[in-house]
Structures are given as structure tokens and as C-alpha cells.
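Summary of structural features
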Amino acid sequence: MEMSNALNPKRTVAELKVLRALTSDENGAQRVAFTPTWTQARAWLREKLAALPVEIHTDAAGNLWSTLHGDSDRALLIGGHIDSVPNGGWLDGSLNLLAGVEILRRIHAQYAGKPPVTIRLVDWADEEGARFGKSLFGSSACSGNLNLDEARGLKDKDGVGLPDVLKEVGMDFERVKESGVELKKAAAYLELHIEQGPVLLDLGKPLGVVLGTCGVERHALTFLGQAAHSGSTPMNRRRDAFLAAAKMSPEIYRIAGRHGGVCTIGSCTTRPGIVTSVVEECRITLDQRHLDAAALARMLKEAKDASDQFAQEGNVRVDWNRLWQIEPVLFHEHLVALCDEAIVETCGTSHRMPSGPLHDAAEVARAGVPTEMMFVQSLHGISHNKIEDTKEEHLELCVTAFDKLAEKTMKWIQSAE
Ligand SMILES: [Zn+2]
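Read on for a plain summary of the structure. (Residues numbered from 1 in each chain as written. Predicted model: local features only at pLDDT ≥ 70, side-chain atom pairs only at ≥ 80, totals over all residues. Heavy atoms only, no water.)

1. Regarding the packing of aromatic side chains
Spelled out, the test is: Two rings belonging to Phe, Tyr or Trp (six-membered ring only in the last case) form a pair when the distance between their centres is within 6.5 Å. Interplanar angles under 30 degrees mark stacking, angles over 60 mark edge-to-face geometry, and anything in between is tilted. To qualify as a helix, a DSSP run of H or I must reach at least 4 residues; to qualify as a strand, a run of E must reach at least 2; elements of each kind are numbered from the N terminus.
By the definition in use, this model includes four aromatic pairs. Plain terms: the ring middles of W65 and W124 are 5.6 Å apart, the flat faces sit at 80° to each other, and that makes the pair edge-to-face. Within this pair, whereas W65 is found in strand β4 (residues 64-68), its partner W124 is found in the loop between β6 (117-123) and α4 (137-143), the two being separated by 59 residues in sequence. Between W124 and Y189, the ring centres sit 6.2 Å apart and the planes meet at 50°, which makes this aromatic pair tilted. Placement of W124 in the loop between β6 and α4 and of Y189 in strand β7 (residues 186-194) is noted, with a sequence separation of 65 residues between them.

Quick look at the structure:
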């Protein structure tokens, strides 16, 4: 076989290192969306793509699309995001994109520039939401799920509004949903991603099949008791809001243990919050995630029942306030099977798992496009941090397996013509 016709996963690893050198400092990746470093990263990506006969344009939401036209205009989409959080890792988002570039090269070479179906690589704009606290901006605009009224009011820490920032990079906020037109001919969407957790690491497996993204229930719980002097109030006379709230901590571990999801109390604040008073008010936040909607609903119900019980035991009150919620998104059954096959063919062993974090893939799936993701093992199980890493041999394996998945998916699209 001619070298130029073959997939070259080592090249992907080398390109990731070049991107890291170009857009990171001693604290990690600095490709925050809509900043000069992000623009520079995108210009670099376009240079890579310029060597291929692809049509490149930016859509109304700032997503960058590169299209290799095929015999059919039904398209296989491959996605990623070149943006990072501040002080981010070198693989989150960019691994997906650069693997996609390599796959475009392989397909272009193998099919002499004209694959059976159209192949499109998309770099989603502002996946991370680092500046405005709203993730999946570009993909949710494209899927139609972005809440414009909510997004219009978003401000960064300096008080600059999202619409103004978009204007600076030549975009019109009011028109971002017009990017939905890009999904018209989409027949399938694939995304490779670093796992960002320790599951594959603990199993000793390089690659995983993603079944979908978990549904999320996010609530604030406020326990209300009574402030009282820490010296003069006997223990049996207290209405201690902290005591009731604190009982929730071991309880959520039992709930998650029973149902197999994850639950987190991420914050706890007390009032009056002084050393000489019983806590009058204790506010905790609860984040619950599960791939199964019914199980997620049960986890929420059990947390509510437990909080009522603890409130009653302590003679305090509890109020619940929903902060955010999203349904689980299940990926396409047949593409899940193809992903499993591609992984087993590449490294002999696979593992099916949900994704706790949300990804652009969830937005594309919600728009009705058959979708699948592949995970590669994370060293340390850590992401959004400069220590984010994956063994080079695993990076090469994931490019190979993801390419096999792309080929299988292309055949599947073709067979449905
Ligand atoms: Zn990501």
C-alpha cells in the first residue's frame, strides 16, 4: 500500500503536539472561544484542511464546516471543538477534530477525492462555555435547542454581553439558529472524545463505546431552622438546619449505590455562618445524573423523601428549587453496535458506558441525527486541567478505531440510500 493512502495516526499525535505548542502556556491550553488564541487555532486548522479539496465555511453560529463532497449529498458528520477552558488540557475537543482531519485525508486518498457519501468535519463554536457559563453554544444553536432569550442576557465576568462578543467576530446573535440548515443532509454524526473520567483506566481498556449522555437533575435545597446561641441552647432544643442538610451527604451515596447513577452535593452555605450560632439556614446543591430517565426520576424522588424525613427529624423545613434539568440522550442503536465492532477489531476488547458530561453529540442527537461517540482512556481520569493526558499508543488506537467506525458508518449510510 502506498503510504499516502493509509491512515497515519502518528501524524494526528504530532499535530496535537504542534497545536499544544502554539496555543498553550505553562498553565495549559488557552483556546477560549472567541479570543485571539482561539482564532489562531482555527486559522491553523484551516491551513491543515487547505491541503484537501474541501469546501470550508463558517455558519451563522460560528461553527466551522469542512465538506468533502461525495457521490451522494447525504453526509457523514464528524465533530469536535478546538476551544478549551482556560488552563485546559491538550486533548479535550481537539483530539476529535484532528482525528477527523486524518480520516478526511484517508477517505480522500482511498476514494480518489470522491467518496460514496459526503463527509463533513465540524468544529463547534464555544463548546466549553468558559466565558459565559453556557456550554454547547454552537451545537445547541444548530440543533435548535438554544434558548435565545436566556442566551441574549448572558454576560462574562467583565459584564460584556454574548451578543456583543459575537458581533466583534462578525456574527449576528439574532441569526445564530440559522445554522440549523447545516444538518439538513446529515445522515449520521460521530464524535471521538477523551473520557474525562477514570472508568476505562480502572478497567484497563483503551477504548469505550458511548451509549448516550446522562440526564441531569440539578437542584438547590434550603433547610430552614432557627439561629440560637451556641452556649445557652441545649442539644435537644435545637432546630439545626446544618444537621438535616448534612444527613443528605451519606444518603446520596446510598441512592447512587442503589441505582447506579452519580449524585453530587457540590456546595454548602450556612447562615448566619458564625462560630457561636446554631445554623438557621443551610443551602446545598444536588446534581444527579443517570442514563435511564426512570432511574433518574427515582433517584430524585428518593432524595426528596430523604430530605423531608431529615427535616422532620430535626424540626426544620426544607425547600427545593430546580436549577436545571436535561433528559438523557440515547445514541443510535445501530451506530453503537458499529462502534463496538470497530473497537473490538482494533484492540480486541470494548466497554459500553454512558457519558456523564454533556457533549455536542447530545445536541446533534436531539436534533434527530443518528449519533454515536467513542471514548479513549484518560490518564489520571482528569480533564479541564493541564495534566489531562492519554498514552500515545492509546491515541493512535483511537484514531484507527474511529476511522473504522467512520468507514462502517459511511457504508451504512450508503446502504440506506
Ligand atoms: Zn470536549
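Next, the rest of the story.
2. A short note on the nonpolar core
Generally speaking, soluble globular proteins have nonpolar side chains that are buried together. Put simply, the test is: What makes a nonpolar core is a set of buried Ala, Val, Leu, Ile, Met, Phe, Trp, Tyr and Cys residues whose side-chain atoms join them at distances within 4.5 Å. Buried residues are those whose accessible area, probed at 1.4 Å on protein chains only, stays under 20% of the maximum for their type, while exposed residues exceed 50% and partly exposed ones sit between those limits. A contact between two residues is defined here by any heavy atoms of the two lying within 4.5 Å.
Residues F34, I119, V176 and F402 are the most contacted members of the largest nonpolar core, which totals 95 residues. Looking at this core, the element that brings in the most residues is helix α12 (residues 392-415), giving nine residues. The contact partners of I119, leaving out residues within four places of it in the chain, are S66, T67, L68, L76, I78, L104, I107 and M410. With 22 residues, the next largest nonpolar core counts F223, M248, M299 and A303 among its residues.

3. Quick notes on the sheet that holds strand β10 (residues 262-271)
Rule in force here: Strand pairing is assigned whenever DSSP detects at least two bridges linking the two strands. A fitted line through C-alpha atoms represents every axis, and for helices the fit uses only the stretch in contact; the resulting angles, taken between N-to-C directions, go from 0 to 180 degrees.
The strand order β10-β11-β9-β12 describes an open sheet built from four strands, whose pairing is antiparallel. A strand with exactly one partner marks an edge of an open sheet, and here the two such strands are β10 and β12 (317-326). Direction aside, neighbouring strands of the sheet carry axes that sit 15° apart on average. Along the sheet face, helix α8 (residues 241-259) touches β9 (215-224), β10 and β11 (281-290) and points at about 175° away from the line of β10.

4. Describing the pattern of salt bridges
Let me state the cut-off plainly: One side-chain nitrogen of Lys or Arg within 4 Å of one carboxyl oxygen of Asp or Glu is enough to make a salt bridge.
The final tally for this structure, using the stated rule, is 30 salt bridges. Residue R11 pairs with E102 through a salt bridge whose shortest N-O separation is 2.9 Å. Here the residue R11 occupies a position in helix α1 (residues 9-23), and E102 occupies one in helix α3 (residues 94-110), the gap between them amounting to 91 residues. Classification of R11 by relative accessible area gives partly exposed; the value is 31%. E345 serves as the salt-bridge partner of K408, at 2.8 Å between the closest nitrogen and oxygen.

5. Some details on the layout of surface pockets
Let me state the cut-off plainly: A 1.4 Å probe that fits but cannot get out identifies a cavity on a 1 Å grid over protein atoms alone, an open set with protein on both sides within 12 Å along at least five of seven lines counts as a pocket, and a residue lines either if it has an atom within 4 Å of a point. Grid points are joined across faces, edges and corners, and a volume is the space filled by probe spheres set on the points. Polar here means any residue outside two lists: the nonpolar Ala, Val, Leu, Ile, Met, Phe, Trp, Tyr, Cys and Pro, and the charged Asp, Glu, Lys and Arg; Gly therefore counts as polar.
There is about 830 Å³ of room inside the largest pocket. Lining the largest pocket are 30 residues; nearest its centre among them are S135, L136, R218, W324 and L358. Of all elements in the fold, only β12 and α11 (360-366) reach the threshold of two or more residues within the lining of the largest pocket. Classifying every residue of the lining of the largest pocket gives eight nonpolar, 13 polar and nine charged. Space inside the second largest pocket adds up to approximately 390 Å³. Around the second largest pocket, the lining is made up of 19 residues, and of these V199, V262, P354, S355 and G356 lie nearest the centre. The set of elements that each furnish at least two residues to the lining of the second largest pocket consists of β11 and β14 (352-355).

6. Here's the deal with the coordination of the zinc ion
The line we're drawing: Counted as coordinating are nitrogen, oxygen and sulfur atoms within 2.8 Å of the metal, or 3.2 Å for Na, K and Ca, while water is not included, which may make sites look incomplete.
Around the zinc ion, the protein contributes the donor atoms H81 (NE2), D92 (OD) and H193 (NE2), at 2.0 to 2.2 Å from the metal centre. Here the donor residues of the zinc ion are spaced in sequence according to H-x10-D-x100-H. Of this pair, D92 sits in the loop between β5 (72-80) and α3 while H193 sits in strand β7, and the two are 101 residues apart along the sequence. Accessibility expressed as a relative area gives 4% for D92, which makes it buried. For H193, a relative accessible area of 0% puts it in the buried group.

7. Points about α1
Applied cut-off: Expected span, for any helix, means 1.5 Å times one less than how many residues it has. Within this analysis, the arc is defined by the directions that extend from the helix axis to the C-beta atoms.
The end-to-end C-alpha separation of α1 is 21 Å, in line with the 21 Å expected for 15 residues at 1.5 Å each. All of the buried residues along α1 are P9, T12, V13, E15, L16, L19 and T23. All buried residues of α1 fall inside an arc of 165° around its axis, so they share one side. Exposed side chains of α1 directed beyond 90 degrees from the buried face belong to K10 and A21. On its buried side, α1 packs onto β1 (24-25), β2 (28-29), α2 (36-50), α3 and α12.

8. Structural notes on the environment of S179
By secondary structure assignment, the location of S179 is in the loop between α6 (162-168) and β7. According to the relative accessible area criterion, S179 is buried, its value standing at 0%. Placed 40 residues apart in sequence, S179 and S139 show a C-alpha to C-alpha distance of 8.9 Å. Apart from the residues within four sequence positions on either side, S179 is in contact with D59, A60, A61, N63, A141 and C142.

9. Some thoughts on the pairing of β5
To be explicit about the condition: Crossover handedness is defined here as right-handed if the route from the first strand over the helix to the second strand goes clockwise, with the strands pointing away from the viewer.
Summarising burial for β5: seven of the nine residues are buried, a large majority. Handedness of the β-α-β unit built from β5, α3 and β6 comes out right-handed. Of the strand pairs in this sheet, β5 and β7 are connected by five bridges, and their pairing is parallel. Of the residues in β7, the one forming a bridge with L76 is A188.

10. With respect to the packing of α1 against α12
Condition: For classification purposes, angles smaller than 35 degrees are called roughly parallel, those larger than 145 roughly antiparallel, those between 65 and 115 roughly perpendicular, and all remaining angles oblique. Here is the rule for handedness: rotate from the far helix to the near one, and if that takes an anticlockwise turn smaller than a right angle the crossing is left-handed, while a clockwise turn gives right-handed.
Interaxial distance between α1 and α12 falls to 8 Å at its minimum, and their mutual angle equals 120°. The orientation of α1 relative to α12 falls into the category oblique. The hand of the α1/α12 crossing is right-handed. On the side of α1, the interface is formed by P9, K10, T12, V13 and K17, while α12 contributes E392, L395, E396, V399 and T400. Here the contact of α1 with α12 is built from residues that sort into four nonpolar, two polar and four charged.

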